[in-house]
Amino acid sequence: MPSKTVIVGSAVGLHARPAAIISEAVVNAGVPVTLSLDGGEPVDAGSALMIMTLGAGNGSSVTVTADDDA
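Residues numbered from 1 in each chain as written. Predicted model: local features only at pLDDT ≥ 70, side-chain atom pairs only at ≥ 80, totals over all residues. Heavy atoms only, no water.

Student: Honestly, the pairing of strand E2 (residues 33–37) in this entry has me stumped. Any pointers?
Tutor: Regular strands place their side chains on alternate faces of the sheet. Bridging between E2 and strand E4 (residues 61–66) involves five bridges; their strand directions are antiparallel. Looking across to E4, one finds that Leu37 is bridged to Val62. Bridge count between E2 and strand E3 (residues 43–44): two bridges; the pairing is antiparallel. Considered in E3, the bridge of Leu35 is made with Val43. Linking E2 back to E3 in an antiparallel pair, the connection comprises five residues, with Gly39 at a positive phi of about 80°. (Pairing = 2+ DSSP bridges. Helix = DSSP H or I, 4+ residues; strand = E, 2+ residues; numbered from the N terminus.)

The following block contains the structure:
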(Lines give C-alpha, C1' and ligand atoms only; values in the text may rest on other atoms or scores of the structure.)
Protein backbone atom coordinates (compact mmCIF):
# COMPACT_ATOMS: atom_id res chain seq x y z
CA MET A 1 0.00 0.00 0.00
CA PRO A 2 1.82 3.15 -1.16
CA SER A 3 1.54 6.25 1.00
CA LYS A 4 2.91 9.76 1.11
CA THR A 5 2.77 12.47 3.74
CA VAL A 6 2.00 15.97 2.49
CA ILE A 7 1.63 19.36 4.16
CA VAL A 8 -1.60 21.34 3.72
CA GLY A 9 -0.54 24.60 2.09
CA SER A 10 -3.89 26.36 1.84
CA ALA A 11 -4.31 29.19 4.33
CA VAL A 12 -7.81 27.92 5.17
CA GLY A 13 -6.96 24.21 5.23
CA LEU A 14 -8.95 21.41 3.63
CA HIS A 15 -12.33 23.14 3.47
CA ALA A 16 -15.24 22.32 1.15
CA ARG A 17 -13.78 23.31 -2.22
CA PRO A 18 -10.44 21.44 -2.00
CA ALA A 19 -12.17 18.48 -0.33
CA ALA A 20 -14.58 18.28 -3.27
CA ILE A 21 -11.72 18.44 -5.79
CA ILE A 22 -9.80 15.69 -3.98
CA SER A 23 -12.83 13.43 -3.61
CA GLU A 24 -13.79 13.86 -7.28
CA ALA A 25 -10.25 12.90 -8.37
CA VAL A 26 -10.31 9.82 -6.12
CA VAL A 27 -13.71 8.68 -7.42
CA ASN A 28 -12.58 9.21 -11.03
CA ALA A 29 -9.38 7.22 -10.40
CA GLY A 30 -11.39 4.26 -9.15
CA VAL A 31 -8.77 3.38 -6.53
CA PRO A 32 -9.54 3.36 -2.79
CA VAL A 33 -7.61 6.19 -1.11
CA THR A 34 -7.57 7.28 2.52
CA LEU A 35 -6.34 10.43 4.24
CA SER A 36 -5.25 10.67 7.86
CA LEU A 37 -3.68 13.14 10.23
CA ASP A 38 -0.66 12.08 12.27
CA GLY A 39 -1.91 9.36 14.63
CA GLY A 40 -5.53 9.78 13.53
CA GLU A 41 -8.02 7.40 12.00
CA PRO A 42 -7.97 7.27 8.19
CA VAL A 43 -10.98 8.61 6.28
CA ASP A 44 -12.27 7.79 2.80
CA ALA A 45 -10.78 10.36 0.39
CA GLY A 46 -13.65 9.66 -2.01
CA SER A 47 -15.98 11.58 0.31
CA ALA A 48 -15.65 15.37 0.61
CA LEU A 49 -17.57 15.27 3.89
CA MET A 50 -15.17 12.73 5.40
CA ILE A 51 -12.17 14.81 4.27
CA MET A 52 -13.60 17.87 6.02
CA THR A 53 -14.03 15.87 9.26
CA LEU A 54 -10.24 15.61 9.46
CA GLY A 55 -10.07 19.28 10.42
CA ALA A 56 -6.78 19.61 8.54
CA GLY A 57 -5.69 23.22 8.75
CA ASN A 58 -2.79 25.09 7.21
CA GLY A 59 0.47 23.31 7.95
CA SER A 60 -1.15 20.01 8.95
CA SER A 61 0.62 16.80 7.92
CA VAL A 62 -1.78 14.53 6.01
CA THR A 63 -0.90 10.98 5.00
CA VAL A 64 -2.36 9.86 1.69
CA THR A 65 -2.61 6.08 1.28
CA ALA A 66 -3.80 4.18 -1.81
CA ASP A 67 -4.91 0.56 -2.00
CA ASP A 68 -3.26 0.16 -5.40
CA ASP A 69 0.39 -0.15 -6.40
CA ALA A 70 -0.04 1.94 -9.56
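Student: Would you mind showing me how to read the environment of Thr63 here?
Tutor: Along the polypeptide, Thr63 turns up in strand E4. A C-alpha to C-alpha distance of 9.8 Å links Thr63 and Gly40, two positions 23 residues apart in sequence. Those residues within four positions of Thr63 in sequence are excluded, and the remaining contacts are Ser3, Lys4, Thr5, Thr34, Leu35 and Ser36. Polar side-chain contacts of Thr63 include one of 3.2 Å to the side chain of Thr5. (Contact = heavy atoms within 4.5 Å. Polar contact = N/O pair within 3.5 Å; in protein donor to acceptor, adjacent residues only side chain to side chain.)

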